Amino acid sequence: MTTSRRSFLKSAGIVGAGLFLQDLYPSWMPRLAFAQNGASGDVIVCVFLRGGADALNIVVPFGDDDYYRARPTLSLAPPDSSNNSAVLELTDFFGLNPDMAAMHELLTSGQMTAIHAVGAPHVSRSHFEAMDLIERGTDGSQGANTGWLGRYLSQTASDTDTPLRAIGWSDSLQTSLLGYIPATALRSITDYHLASENAESFQASMSQMYQSDDALTQAAQSTIDTLNLVQQIDVDNYIAANNAQYYETNLGRALKQTAALIKADAGLEVACIDMGGFDTHIAQGNIVGTGIGEFPFLVKELADNLRAFHDDLLNHIHKVTVVVMSEFGRRVQENGATGTDHGHGGVMFVMSSDLQPVTVHGQWPGINSRFLDNGDLAITNDYRDVLSEIMLQRTTIGSVNNVFPNYRSTPIGLYR
Amino acid sequence: MTHSRRNFLKLMALGAVAAGCSPIIDNQLQPPMPDATNLIAAQTATPIVHLLNRTTFGATSTLVQDVETVGMETWLEQQFDYPAIDDWQMNLRLRRLDTLTMTAADLLSFTRTPDKRYVANELAAAMLIKAIYSKRQFYEVLVNFWSDHFNIYHFKKTTYTLKTVDDREVIRPHALGNFGDMLRASAHSPAMLVYLDNIANEKSHPNENYAREIMELHTLGVDGGYTENDVQEVARCFTGWSVSNRGAFEYRPEWHDDGEKQVLGHTIAAGGGKSDGDRVLEILINHPNTARYLVTKLVRRFVADDPPTPLVNDLTGTWRESNGDIPTVMRRLLQHDLFWTAPPKFKRPLEMVISLLRATNATYNGKTALVQRLQTMGQRPFGFATPDGYPDRADEWRGSLVPRWNFALDAVHGGQGGVSIPIGDWQQFAGDDAINRLGQAILLRDLTPQENQAILSVVGEKDRYNQSDIRTLLAMLLSSPAFQWR
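Conventions and cut-offs
Residues numbered from 1 in each chain as written. Chains lettered and ligands numbered in written order. Predicted model: local features only at pLDDT ≥ 70, side-chain atom pairs only at ≥ 80, totals over all residues. Heavy atoms only, no water. Patch = residues over 30% accessible without salt bridge, like charges linked within 9 Å, V, L, I, M, F, W, Y side chains within 5 Å. Areas by Shrake-Rupley, 256 points an atom, 1.4 Å probe, with all protein chains shown as cover. Salt bridge = Lys/Arg side-chain N within 4 Å of Asp/Glu carboxyl O. Lys, Arg positive; Asp, Glu negative; His and termini not counted. Charge placed at Lys NZ, Arg CZ, Asp CG, Glu CD. Helix = DSSP H or I, 4+ residues; strand = E, 2+ residues; numbered from the N terminus. Pairing = 2+ DSSP bridges. Buried < 20%, exposed > 50% of the residue type's maximum accessible area, 1.4 Å probe, protein only. Expected span 1.5 Å × (residues − 1). Core = buried A, V, L, I, M, F, W, Y, C linked by side-chain atoms within 4.5 Å. Contact = heavy atoms within 4.5 Å. 1 Å grid on protein atoms, 1.4 Å probe; cavity = no way out; pocket = protein on both sides within 12 Å on 5 of 7 lines; lining within 4 Å. Points joined across faces, edges and corners; volume = space filled by probe spheres on them. Buried area = accessible area lost by both parts, 1.4 Å probe. Polar contact = N/O pair within 3.5 Å; in protein donor to acceptor, adjacent residues only side chain to side chain. Nonpolar A, V, L, I, M, F, W, Y, C, P; charged D, E, K, R; others polar. Phe/Tyr/Trp six-rings, centres within 6.5 Å; stacked < 30°, edge-to-face > 60°. Lys NZ or Arg CZ within 6 Å of the ring centre and 35° of its normal.

*Asks:* Any chance you could break down a negative patch on the surface for me, citing the residues and the numbers?
*Replies:* Where like charges cluster on the molecular surface, the negative patch consists of Asp432, Asp433, Glu461 and Asp463 of chain B. Its location among the elements puts glutamate 461 of chain B in the loop between α25 (449-459) and α26 (467-479).

Here it is as structure tokens:
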């Protein structure tokens, strides 16, 4: 790869010190190809479950009898190895939805953790307003015009950022990425190619034309480097490592392409992925194979693909943090249509390195009617506490004052 | 008004000739191709090109010739007197966009999201048509500036449809008028009240969103000397400024906080009712920091990303003396040496797309495909979610060039919905010295040896270039660094 070698040599003024650097940071050495200042932080992958995911049937409080009272048809049985519709034990109180078995080992081996009863304190029960608030990372509708990841990216931006530094796998950019204009919305990495039959000669002529000593030339050269890179990644023929199997769904494709970009050292630092369908008001369903209901399939898709992502990236996963979140959880009491309505407290997952060996964080507020918040699981952890801790522990920013303005976070204790 | 009667008769005449046969109308409307025998030979941008690149959505070979004929001063004065410019061709192009003239009450009857989106798409398409084809180019450039300044996101609740009214009744009447009048109109604009949540600003639950943004973004600027306390007090003044269910401004006395307020050092006595908000508007309009903030933004748009202080100082004086009279300020700006020696401005995606369509004599038929294309390029008209409006500095738009190059490639190869470039007409440049002549027609100056070389390396030296070569040549010129600046 001539282009990145050239920029690599240019980048550092470290030609002589190359060996030394290689010893010190062997694993992410190749990322110097794009000479980023934020290079030593993790790649942050944010998976947003749109619609309000039913946290009580994802990380199930089987130790709380009120769960079974509130969910006469939708509850999942306590751990029982002879019952394949029983939850998988995480603690003596919480179990994992059995359709999410692919994630069980990650959770119990300290490579992933769950945070329960988490969310935004004064969030609306409207999807739009709740997502907007959470993605902006602010209190109320006032203040920030930007998203929390957009602010993070702006704060750590440099002249040598690549066009693939921040990607929203979506038709239009996620609110959380607002504020960082070069963030790219792509449905697929295959969008990143030239619309020309003679792409090669066109690209060569652009390379010749953009030769001044200005920022635009820099952007053009970085664009051309990225085009070459994307061409080499060849996602259509990408084969995941370790027999990892992604689904041919939006989630599967986005995770697979994110993995491909990470392996290719394309300069990716933030990826936002949406997964829809969690607004399960009617016939939510219990487990796969027991009749109607989308929910079991959704959580299985989520778990299987996160596991695939983990396995595929086994050699890179120490530089990747995945966070899974939703705008709110759902009503504790199931409704008359064997579904659940909009609620409040939810669950988040974090896949990262150096985690405390704790499978489920967070103080359980209880779901007896007297503990509920208008019928909903109360919040004992602010989502910003989780995100702040990730930012402080796994990126280089040092302070989250700009990322979450006017908010003082309390560490959850996710990390060692 | 004889003016519009004449237009009406012209419309009818054309309609009679071409009823139901839009290609004939489109032919009538097509601006003339650049004169291949009279191109601009100059090493760098001529003063006329500089002027036109700042005061229009893109200088073209034909327009440069027109301005040469009448002279720059006369042309500019015509542009200031925009109502006198007969724009019948452009009006004819808008003929199928039915929702542009609908009343607010009728627009509110669109409630399903796809229907609301239809209305929003029509306004966005109209914006593009006007930018490409209006002869009132300077006016349209200012409309775009003020649409960014008083930004309203198209996709929040009823802004989908009410923005059509805001465009028609707030931005357009005042874009080349008085700033105070525009601010007053904006504060009463249902779309703005919805967008910045003042629709729900009541005594028992004050909402500070509009109060904050009118100071931070519309008048004083973020460092304009207001405090958090001022934000709260201004919010109290605007309690009850809401929107009726017919989409009109409505003051609700029962929502108003009628106590005394302190705003930026002024005491607003108790019992003022709706006039509290009016008082705030006058305080902001007359505040010295408003003059400086607005002038700085105008200079950033028309002169340079980093506005030169002497020019800002000078124009701040002009603004204050003229009480925010936009034509007076703009005349002074356009006469200033610092305007004429200004460095190039980087085209934002919208400016790149429009100038490309103008330079290539393209037909745009109002289809939504082009609006969507701009969305993927990052600058859909009225598509900026936050109230600060699309940024206006090059370093905020740097990033990938792929969307620009792909737009140029798609446009010349017929791959952009709603757009067609008359490649056949461009073939008149195919003979001798084709590369340089095409360069002169598109870039409005001679090609540099480097540009020439880069293009030759792809198409090679030929006596006569075929249609496919012409497409390639155009795509390269439109993707070149030179075409990304104005």
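Moving on from the coordinates now.
*Asks:* Go over the sheet that holds strand β3 (residues 88-89) of chain A, please, and point to the residues and values.
*Replies:* Residues and elements named next belong to chain A. Taken in spatial order, the three strands make up an open sheet running β2-β4-β3, and their pairing is antiparallel. Single-partner strands in this sheet number two, and they are β2 (59-60) and β3. Strand direction decides the pairing type here: β2 and strand β4 (residues 95-96), joined by two bridges, are antiparallel. If you follow valine 60 over to β4, its bridge partner there is glycine 95.

*Asks:* Explain the pattern of salt bridges to me, and be specific about the residues and the numbers.
*Replies:* All names here are of chain B. One pass over the structure, following the stated rule, counts 48 salt bridges over all chains. When the shortest N-O distance is used, the salt bridge between aspartate 167 and arginine 172 registers 3.1 Å. Side by side, aspartate 167 and arginine 172 carry an identical accessibility label, which is buried. Taking the shortest distance from any N to any O, the salt bridge between glutamate 228 and arginine 212 comes out at 3.1 Å.

*Asks:* Tell me what's going on with helix α10 (residues 295-312) of chain A, and back it up with residues and numbers.
*Replies:* In this model, α10 of chain A (18 residues) spans 25 Å end to end at C-alpha, consistent with the 26 Å of a helix rising 1.5 Å per residue. Counting buried positions over the 18 residues of α10 of chain A gives 15, a clear majority of the element.

*Asks:* Could you give an account of the nonpolar core, with specific residues and numbers?
*Replies:* The biggest cluster of nonpolar side chains holds 244 residues, and the ones touching the most others in it are Phe349 of chain A together with Trp146 of chain B. Ranked by residues supplied to this core, first place goes to helix α8 (residues 113-133) of chain B with eleven residues. Sequence-distant contacts of phenylalanine 349 of chain A, defined by excluding residues within four places in its chain, comprise Ile58, Val59, Leu96, Met100, Met103, Leu107, Met112, Thr113, Ala114, Val322, Val323 and Val324 of chain A. Judged by nonpolar contacts, the second largest core, of 40 residues, contains Leu133, Trp148, Leu177 and Val350 of chain A.

*Asks:* Before we move on, could you go through empty space enclosed by the protein and cite the residues and values that matter?
*Replies:* Residues and elements named next belong to chain B. Scanning all chains against the criterion turns up six cavities of 30 Å³ or more. Considered as a void within the structure, the largest cavity measures approximately 120 Å³ in volume. Lining of the largest cavity is provided by Asn53, Arg54, Thr56, Phe57, Gly58, Val141, Asn144, Arg301, Lys347, Glu351, Ser355 and Arg486. Mapped onto the lining of the largest cavity, the elements with two or more residues apiece are α3 (47-55), α9 (137-149) and α20 (349-359).

*Asks:* Hey, could you go over the interface of chain B and chain A for me, with residue numbers and the actual values?
*Replies:* Residue-level contacts link 38 residues of chain B with 32 residues of chain A. Summing both partners gives a buried area of about 3000 Å² for chain B against chain A, and 66% of it is carried by carbon and sulfur. Counting across the chain B and chain A interface gives zero salt bridges. Taken together, the connections running from chain B to chain A amount to eight residue pairs in polar contact (both at pLDDT 80 or more). Counting only elements with at least two residues in the side of chain B that touches chain A, the list comes to α13 (209-219), α22 (402-412), α25 and α26 of chain B. At seven residues, α25 of chain B tops the list of elements feeding residues into the side of chain B that touches chain A. In the side of chain B that touches chain A, the residues fall into 17 nonpolar, 13 polar and eight charged.

*Asks:* Provide a residue-level description of the packing of aromatic side chains, including the pertinent values.
*Replies:* Both the distance between ring centres and the angle between the ring planes are used here to describe each pair of aromatic rings. Using the criterion set out here, one finds 25 aromatic pairs over all chains in the structure. Measuring from centroid to centroid gives 5.3 Å for tryptophan 241 of chain B and phenylalanine 249 of chain B, while their planes differ by 80 degrees, and the two rings are edge-to-face. Its relative accessible area of 0% is what places tryptophan 241 of chain B among the buried residues. By relative accessible area, which is 24% here, phenylalanine 249 of chain B ends up partly exposed. Every member of this aromatic cluster is reached through a ring pair, and the members are Phe145, Trp146, Phe150, Phe179 and Trp319 of chain B. Sitting over the face of the ring of phenylalanine 48 of chain A, arginine 50 of chain A holds its NZ or CZ atom 4.1 Å from the ring centroid. Positioned above the aromatic ring of phenylalanine 155 of chain B, the side-chain terminus of arginine 117 of chain B is 4.7 Å from the ring centre.

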